[in-house]
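Close look at the chain arrangement
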Number of protein chains: 4
Amino acid sequence: MKTLATNLTDTATRLQKIRSQTEFICKPLEPEDTVVQPMVDVSPPKWHMAHTTWFFEEFVLKPYLPNYTVFHPSYSYLFNSYYNSVGNRVQRAERSTLTRPPLRDVYSYRNHVNEHLAKLLENPDDRFLSEMMPVLELGLQHEQQHQELLLTDIKYILSTNPLLPVYTPAKTSGKTEHVPATFLDVPGGIYKIGYQGNGFCFDNELGVHEVLIHDLQVMNRLVTNGEYLEFMESGGYKDFRFWLDEGFTLAKTSNWESPLYWMKQDNKWFRYSLHGPEELDLNKPVTHISFYEASAYANWAGKQLLTEFEWEAASQAYPPQQGNFSDSGIFEPTAVKTDQSNMLQLYGDAWEWTYSAYHPYPGFSTAPGALGEYNGKFMINQMVLRGGSCATPADHIRTTYRNFFHPDKRWQFTGIRLANK
Amino acid sequence: MKTLATNLTDTATRLQKIRSQTEFICKPLEPEDTVVQPMVDVSPPKWHMAHTTWFFEEFVLKPYLPNYTVFHPSYSYLFNSYYNSVGNRVQRAERSTLTRPPLRDVYSYRNHVNEHLAKLLENPDDRFLSEMMPVLELGLQHEQQHQELLLTDIKYILSTNPLLPVYTPAKTSGKTEHVPATFLDVPGGIYKIGYQGNGFCFDNELGVHEVLIHDLQVMNRLVTNGEYLEFMESGGYKDFRFWLDEGFTLAKTSNWESPLYWMKQDNKWFRYSLHGPEELDLNKPVTHISFYEASAYANWAGKQLLTEFEWEAASQAYPPQQGNFSDSGIFEPTAVKTDQSNMLQLYGDAWEWTYSAYHPYPGFSTAPGALGEYNGKFMINQMVLRGGSCATPADHIRTTYRNFFHPDKRWQFTGIRLANK
Amino acid sequence: MKTLATNLTDTATRLQKIRSQTEFICKPLEPEDTVVQPMVDVSPPKWHMAHTTWFFEEFVLKPYLPNYTVFHPSYSYLFNSYYNSVGNRVQRAERSTLTRPPLRDVYSYRNHVNEHLAKLLENPDDRFLSEMMPVLELGLQHEQQHQELLLTDIKYILSTNPLLPVYTPAKTSGKTEHVPATFLDVPGGIYKIGYQGNGFCFDNELGVHEVLIHDLQVMNRLVTNGEYLEFMESGGYKDFRFWLDEGFTLAKTSNWESPLYWMKQDNKWFRYSLHGPEELDLNKPVTHISFYEASAYANWAGKQLLTEFEWEAASQAYPPQQGNFSDSGIFEPTAVKTDQSNMLQLYGDAWEWTYSAYHPYPGFSTAPGALGEYNGKFMINQMVLRGGSCATPADHIRTTYRNFFHPDKRWQFTGIRLANK
Amino acid sequence: MKTLATNLTDTATRLQKIRSQTEFICKPLEPEDTVVQPMVDVSPPKWHMAHTTWFFEEFVLKPYLPNYTVFHPSYSYLFNSYYNSVGNRVQRAERSTLTRPPLRDVYSYRNHVNEHLAKLLENPDDRFLSEMMPVLELGLQHEQQHQELLLTDIKYILSTNPLLPVYTPAKTSGKTEHVPATFLDVPGGIYKIGYQGNGFCFDNELGVHEVLIHDLQVMNRLVTNGEYLEFMESGGYKDFRFWLDEGFTLAKTSNWESPLYWMKQDNKWFRYSLHGPEELDLNKPVTHISFYEASAYANWAGKQLLTEFEWEAASQAYPPQQGNFSDSGIFEPTAVKTDQSNMLQLYGDAWEWTYSAYHPYPGFSTAPGALGEYNGKFMINQMVLRGGSCATPADHIRTTYRNFFHPDKRWQFTGIRLANK
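Residues numbered from 1 in each chain as written. Chains lettered and ligands numbered in written order. Predicted model: local features only at pLDDT ≥ 70, side-chain atom pairs only at ≥ 80, totals over all residues. Heavy atoms only, no water.

Concerning helix 4 (residues 103–122) of chain B
Residues and elements named next belong to chain B. Convention followed: The helix count covers DSSP runs of H or I at least four residues long, the strand count covers runs of E at least two residues long, and both are numbered beginning at the N terminus. In this analysis, the expected span of each helix is defined as 1.5 Å times one less than the number of residues it contains. Relative accessible area decides the class of each residue, using a 1.4 Å probe on protein chains only: under 20% of the type maximum gives buried, over 50% gives exposed, and in between gives partly exposed. Any pair of residues with heavy atoms lying within 4.5 Å of one another is described as a contacting pair.
In a regular helix each residue adds 1.5 Å, so 20 residues correspond to 28 Å; helix 4 covers 29 Å between its end C-alpha atoms and thus fits that length. If you check which residues of helix 4 are buried, you get Leu103, Val106, Tyr109, Arg110, His112, Val113, His116, Leu117, Leu120 and Leu121. Elements that come into contact with the buried residues of helix 4 comprise helix 1 (8–26), helix 2 (45–64), helix 3 (75–79) and helix 5 (129–159).

Right, here's the structure in full:
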């Protein structure tokens, strides 16, 4: 991974800001909310808080802070996620066994590590600076990734509770408007794909290479709840012709008849949000749909999904504007406004499923050691998503950023953008 | 169910004492401990606290306290266990979704119901007294049953945590002694089985009837860890000849090689207890074994398990002495002492697996309404256990008391007594 | 097990008769029918044919026929059922892997073993006669047990085929009549339970012992399809009040709404039989129901099921008449006739579920060696059935005969008899 | 799909030849072999024989032969594979329920359809010729695909039998030689991908489009058993660093320690083949490995797998020679010979896993109606394989041919070719 040429003071400031953002996200939770794991994809919030801390302890403090003593000898076993190189660990499906350490100990752990990181940055050993700083930067990016997971995991956890609790009250929102869908030209040609800048990027964005793109037209915004509802009401979930076979089977056996979190009551559609249940807003982007549903919707609409290369070409042709990120504190997708032009929502609101499997770029290679396990070993059976969401920190996203999930997953803020090819 | 002829003041006192005992049991827990459910048999402690409260609200306050308003309209849905007659409910396997209401709300719920019960007992409607008092008594007995489950569920929950936390520190205990096993005569004949007294009993103890018992000899105490270890060390878990076929298959597929909670480290046996891990005491009763293991052990020893009728006959021939119950605060089985005589440990320390399926007595009938669901509908595929354990309240047990679990269950304080027939 | 004092010629004759009956049962099958295993309870017919042969080879020819060479060195591995003492074997769930040896080789195997058994019986070694003859007898009884399993397994296999093939055409049957249910007295008292004769019995019938029976009244015939249909039509499958909890859950999750093999078409009930699909005859006994359904039906009817001891007492009070056994070649239950009196259908037509778990009699002990695995190791989680069925050979049944299945099983010819207690 | 401009006589000849090849493949089977389904991926051979016949009946005879009456009214239900458009069908996992119709009826069905197809070809209706001929051609290609599946399914079926039967005896084969691996240049540039000829191709080969390929070097032959054994012996199956995470987990939980069909006995490696078990030949290509194993092997070797586009570019640079196809009657991969040059084994021996997900080409569209379900709905979670195998008919393969399987599948003849990128 590349890293920013950054000075130590800036890093210390960002560190403080990013670390406290994690705690801000967890503030509305009860201790009991922070330990459960209602499905294996979800991790307990307390685990996220400890694991992101462990990352800094394991990869920064232990190698680079002289005489550092770990906060607790068992925490490496408890809070390692998937790094075989680091050693044994609690299995993913067993994370809810960690009722101890209690939440207050995890806060102490965070403080302990924060203080030692601050100390390290005040007085680092120059010999290791060029080696340490990229790892520290990776730790910050890693923590931001977990901030998004925290929001989606918290949403899932609270949604399984029959009381449907409010995570954070909605800010007053004006009435939304209907913005018609149009399709904007993206010219074909040879595009350079992958990260070419000087800042930070993940290793999966490297292996910069040229790709031949064919002419296409790309929708100016995300597909809305209203458009998706049309698909549903025309029988889309029951009509095999629109579906990939595995998706259709899954939808049937799982009784999927709408996106995740949608509920019908007294003939009216509601959806569970981080503000509690709310009436469905037809102008907001549809979200919490699987790749299968995105693909079925596209087939029903007579359009296609973009490949990740087409998406990146589109974002070169129409550089993304500011979007609705987690910084807004809304934590749910928002509708576009009529007075906007350009290609909208390329950034923020909802990750866009592409019809590209998550595979290595040509020339991709995994780093040696534990950090080589960060991305490469997941490059099978997952689809790439692009553009970030309402749960992504604004300074975390790039046009070359590759997110990835299995095609059946729905608990992330996932959405649809169509193309004409 | 029968009930004690009791006066109101006594009941109010017992109510206060039993209800606060539940809270005493939960005091050492962190809020996070009270919400998880590491296996479907186990319920979250917070759920136990709320469910026992719901029982009084549903079956006592709602029908008998005029103008009573429920504490929260959703709690009946959240905290009903298995009463179809009362309506829908959170499924057993979903109890860990109840991160809300938080623990402090459950305490408020308990207080609210306690206060209204006190009020009701101060000034009851005489017309309903004879109808209400048995239900109130059942509520108390029910809460005591959940106190035992709380202890065993807490033990299981904490045991899944890699930190193996201490629930309550061990009281200093003297050295134990080896007391040889002897077999005492129980004469054959016609015995009256079932509860014939004037106090409380469960409906499954009724249908008092005569049973013809054949002469037998019954072991003077429970089988010890030391005796069980001999079985293990002689290859008992690998030798199909001693086992019921389903038990042998289960032991193989589950990699059972010792009782639940046993761990070998550096060639020494330890067991997890509510006092944390401790070295195995060979003189204490073996516990946390399934019926299958009890049966295999008996076969290996060339003896038999008792039927529940033989056990009850033995307890008529050798009326049980005081035992080690939850009142001692030890919460783990204890060794017998050499200066004792008689048939020991019939009460307390560990429930004794009998070779009797949990079936209705002749003449058994279920009560009408919800309380008829208390016992009868579980009378299949389970085995009867007798005598109470170190987690049973002393004033809860009787010689006619029938506990029941599936033959594969190990997380209760279950033990073995042998017979010669 | 006890055995008949029998002479060698008689045994040779019975051997020939019983062995060829197995082949008679398999004659209507295609080779393809003989190899599949649509559920784990069912064994492929070819396997039954080979396994019953293996039993004689393993336990009679190998020990008692000098210089006997096994037909094929692998067959002991292929066709051992569950005898750990004999060694490794094909796992039960893997029996459909045995497409080879083909059916014709299994016939050769049968002939080979038949011939050597005949040779052995012509010229046995007197020294071993008293040891060998009981094993030979057990082999014959064992083969008869598999004849019943063959019929029920064939029925299940063919029923899963969408063509619903006819196994054997129905013989022309007269119109049936409705015979009202009455309840006959069985007086209480001490009854001797278990086999006391001089003929053959299984080890599970031994441990003859006295049991105290209380007065009861027993229905004069089996419950009919018509009576069961009333239960269904009054919503019996949906009303939890009649059900054991595990049964109700199973019925819901398995979508049970009628006995196995029942089908509704154009508002009319049919059932699949070994004669193909036929219209439901209301006067014939209901069959292919689980213990759970039998129990729910009894509760709905306000009656009880008998214990196995009560059944045996009833059969002492009303010695069973000839019944409808496999010898009739009908292979389905038949209706009783009005001109009959007495307690009907105690023998034949359908096995009667009792509310007794399959446990050892007092004094039961397993034989040493492989044959000790015949019965004892299954004495858990199963319920006793009494009286034989339309698939049982007439000379195989006794009033003391204990059949046993798990309470959820439905593919045997199982039925219901009620009692008033 | 495109089709050959072909005359009717040629088609009639090919039809006869291809149809009888299916029967040739099934000749060594016992009827019992033709009905079982040891895993859900495998179909019973009898089902393949009937299904390929049904394809012609459903899509050719019914629409194009006037007054055609189906052979049996239920066969459309029994032998439809996955065409939702055609209607209900026996579920894939239920195919072993089809013990009836017996094998001889399936042969009659085949003859019936063959005769009517011959009749149709003798005297077709000219108005429909251009519509019918492509469907007939598709039926032939479809039957050839099932011939490959027949061979691999038969291999799997027989391999589960403890007797490890021989399907067909090995032809005498000379000693094999070791041919060193070299890497041949494939120049980068813009390549045209997809089928551009006038013959038949599947719809998934269309959407011909240009792809930018980067310079690479490609191995001159398939990876051998000997090379793969080195990977195994150096601990490759235990070293997570080489594996995709899902593959490593699967290998562990499935106890994979070698390719499918390999067995170690007395310290020597054997593999089950269609000639029965044979000693491992180190010079023959490794086969029956999953994508996960192919990928782990490539990582261990410090090389990469090709993408499907790189493979197609390589086959443009080095047009494939004749290979070892099913026509040879060997039905197992063969070793290359030293006197060969060029890039070897691009065709035949073993399908080559590519690191390309099976996705639609740009411009891909599904045909209307049932035949649109042929390929498109499977374009998720599967990986593309190229080049055909020892079980592929020689006249069935093309350089543009895209086979596809899930990355965990091992029962096909799958192999590895490496690249240097």
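Points about the state of the cysteines
Note the cut-off: Disulfide assignment relies on a single distance test, namely cysteine sulfur atoms paired within 2.5 Å.
Under the definition given, this model contains zero disulfides over all chains. Here C:Cys26 is not cross-linked by a disulfide; its sulfur's nearest cysteine counterpart is in C:Cys390, at 17 Å.

With respect to the sheet that holds strand 7 (residues 276–279) of chain A
Residues and elements named next belong to chain A. Convention followed: Strand pairing is assigned whenever DSSP detects at least two bridges linking the two strands. Inter-axis angles, ranging from 0 to 180 degrees, are taken between N-to-C directions of lines fitted to C-alpha atoms, where helices are fitted over the stretch in contact.
Here we have three strands laid out as an open sheet, ordered 5-6-7, and antiparallel in their pairing. Two strands close off the open sheet at either side, each with one partner strand: strand 5 (262–265) and strand 7. Taken over all neighbouring pairs, the strand axes of this sheet differ in orientation by 35° on average, direction set aside. For strand 6 (residues 268–273) and strand 7, the ladder comprises four bridges, and the chain directions are antiparallel. Bridging across to strand 7, Phe270 finds its partner in Glu279.

So, the relation of the copies chain A and chain B
Short version of the rule: Superposing copies: least-squares fit, C-alpha atoms only, residues required to have pLDDT of at least 70 in both.
Note on the copies: chain A fits chain B at an RMSD of 0.0 Å, the axial shift is 0.0 Å, and the rotation between them is 180°. The transformation relating the two chain copies, once decomposed into turn and shift, fits a two-fold axis. Across chain A, the smallest distance between a C-alpha and the rotation axis is recorded for A:Glu32, namely 2.4 Å. Both copies present the same face, since 100% of the interface residues in chain A are matched by interface residues at the equivalent positions in chain B.

Thoughts on the side chain of C:Arg89
Using the following cut-off: Charge assignment: positive for Lys and Arg, negative for Asp and Glu; neither His nor the chain ends contribute. By definition, a salt bridge exists where a carboxyl oxygen of Asp or Glu is found within 4 Å of a side-chain nitrogen of Lys or Arg.
Assignment of secondary structure puts C:Arg89 in the loop between helix 3 (75–79) and helix 4 (103–122). Despite its burial, C:Arg89 pairs with no opposite charge, the nearest such side chain being B:Asp245 at 5.7 Å. The residues contacting C:Arg89, other than those within four sequence positions of it, are C:Tyr77, C:Asn80, C:Ser81, C:Tyr82, C:Tyr83 and C:Asn84.

Regarding helix 6 (residues 225–233) of chain D
Residues and elements named next belong to chain D. Extensive coverage of helix 6 is indicated by the burial of seven of its nine residues. Listed as buried for helix 6 are Asn225, Gly226, Glu227, Tyr228, Leu229, Phe231 and Met232. Those residues of helix 6 that are buried lie in contact with strand 4 (216–219), strand 5 (262–265), strand 6 (268–273) and helix 8 (291–300). At the exit of helix 6 stands Gly235, carrying a positive phi of roughly 85°.

Points about the packing of aromatic side chains
What counts here: Centres within 6.5 Å are what make two rings of Phe, Tyr or Trp a pair, Trp counting through its six-membered ring; a difference in plane orientation under 30 degrees is then read as stacked, over 60 as edge-to-face, and the rest as tilted. For a ring to carry a charge above it, either NZ of a lysine or CZ of an arginine must fall within 6 Å of the ring centroid while also lying within 35 degrees of the normal to the ring plane.
Taken as a whole and assessed by the stated rule, the structure comprises 150 aromatic pairs over all chains. With 5.6 Å between their ring centres and 70° between their planes, A:Phe231 and A:Trp300 make a pair best called edge-to-face. Taken together, the residues span a long stretch of sequence, with A:Phe231 in helix 6 (residues 225–233) and A:Trp300 in helix 8 (residues 291–300) at a distance of 69 residues. The partly exposed category is assigned to A:Trp300, whose relative accessible area is 25%. Each residue in the set A:Trp54, A:Phe55, A:Phe59, A:Tyr82, A:Tyr83, A:Phe200, A:Phe202, A:Trp351, A:Tyr374, A:Phe378 and A:Tyr401 is aromatic and connected to the rest through ring pairs, giving one cluster. Over the aromatic face of D:Phe183 sits the side chain of D:Lys303, whose NZ or CZ is 4.6 Å from the ring centroid.

As for the interface of chain A and chain D
Definition in use: The term buried area means the drop in 1.4 Å probe accessible area that two parts suffer when joined, counted for both and summed. Polar contacts here mean pairs of N or O atoms no more than 3.5 Å apart (in protein, one a potential hydrogen donor and the other a potential acceptor; neighbouring residues in sequence count only if both atoms are side-chain atoms). Three categories are distinguished: nonpolar for Ala, Val, Leu, Ile, Met, Phe, Trp, Tyr, Cys and Pro, charged for Asp, Glu, Lys and Arg, and polar for the others, with Gly belonging to the last.
In this assembly, 31 residues from chain A lie in contact with 31 residues from chain D. Of the roughly 2500 Å² buried between chain A and chain D, counting both surfaces, carbon and sulfur atoms make up 63%. Between chain A and chain D we count two salt bridges in total. In this structure, D:Asp245 engages A:Lys377 in a salt bridge whose closest nitrogen and oxygen atoms are separated by 3.8 Å. Counting every contact that joins chain A to chain D gives twelve residue pairs in polar contact (both at pLDDT 80 or more). Looking at the side of chain A that touches chain D, its residues break down into 17 nonpolar, nine polar and five charged.

Comments concerning the arrangement of the chains
One finds no contact between chain A and chain C; the C-alpha atoms of the two approach each other to within 14 Å at their closest. A gap remains between chain B and chain D, with no contact made and the closest C-alpha atoms lying 14 Å from each other.

With respect to the environment of A:Gly207
Residue and element names in this part refer to chain A. Its location among the elements puts Gly207 in the loop between strand 2 (189–193) and strand 3 (209–213). With relative accessibility at 18%, the residue Gly207 sits in the buried group. Taking the C-alpha atoms as reference points, Gly207 and Gln91, separated by 116 residues in sequence, lie 32 Å from one another. Apart from the residues lying within four places of it in its own chain, the contact partners of Gly207 are Ile193, Tyr361 and Pro362.

Considerations on the domain arrangement of chain A
All names here are of chain A. We count it as follows: Note: domain ranges come from an automatic or database domain assignment.
When its domains are assigned, chain A resolves into domain 1 (4–159) and domain 2 (183–420). Between the C-alpha centres of domain 1 and domain 2 there is a distance of 27 Å. Listed per partner, the contact involves 30 residues of domain 1 and 33 residues of domain 2. When domain 1 packs against domain 2, the two sides together hide about 2800 Å² of surface, and 61% of this comes from carbon and sulfur. Area buried by domain 1 at its contact with domain 2 is led by Glu148, Leu151 and Lys155, which between them contribute 25% of it. In this structure, the connection of domain 1 to domain 2 is made through two salt bridges. Taken together, domain 1 and domain 2 are joined by 18 residue pairs in polar contact (both at pLDDT 80 or more). Top element by residues in the side of domain 1 that touches domain 2 is helix 5 (residues 129–159). It accounts for 18 residues. Looking at side-chain class alone, the side of domain 1 that touches domain 2 contains 15 nonpolar, nine polar and six charged residues.

Re the pattern of salt bridges
Think of it this way: side chains of opposite charge can pair up when their charged atoms draw near. Within this structure, the stated rule accounts for 102 salt bridges over all chains. The closest approach of N and O atoms between A:Asp125 and A:Arg127, which form a salt bridge, is 2.5 Å. When its relative accessible area of 65% is taken as the criterion, A:Arg127 is described as exposed. A salt bridge links B:Glu308 to B:Arg402; the nearest nitrogen and oxygen atoms lie 2.8 Å apart. Placement of B:Glu308 in helix 9 (residues 308–317) and of B:Arg402 in the loop between strand 10 (383–386) and strand 11 (403–405) is noted, with a sequence separation of 94 residues between them.

What about the pairing of strand 3 of chain A?
Residue and element names in this part refer to chain A. Counting buried residues along strand 3, four of its five residues qualify, which places the element largely inside the surrounding structure. Of the strand pairs in this sheet, strand 2 and strand 3 are connected by five bridges, and their pairing is antiparallel. Within the sheet, the bridge partner assigned to Lys192 lies in strand 3 and is Glu210.

Quick word on the interface of chain A and chain B
Across the contact, 30 residues belong to chain A and 30 residues belong to chain B. Counting each side, the surface lost to burial between chain A and chain B is near 2300 Å², with a carbon and sulfur contribution of 58%. At the boundary of chain A with chain B, the tally comes to six salt bridges. A salt bridge links B:Glu30 to A:Arg104; the nearest nitrogen and oxygen atoms lie 2.7 Å apart. One can count twelve residue pairs in polar contact (both at pLDDT 80 or more) joining chain A with chain B. Residue composition of the side of chain A that touches chain B, grouped by class: 16 nonpolar, eight polar and six charged.

Some words on unusual backbone geometry
Residue A:Arg100 is joined to A:Pro101 through a cis peptide bond whose omega torsion reads -5°. Turning to its location among the elements, A:Pro101 is positioned in the loop between helix 3 (75–79) and helix 4 (103–122). Even without being glycine, C:His288 reaches a positive phi, approximately 60°. Position of C:His288 among the secondary structure elements: in the loop between strand 7 (276–279) and helix 8 (291–300).

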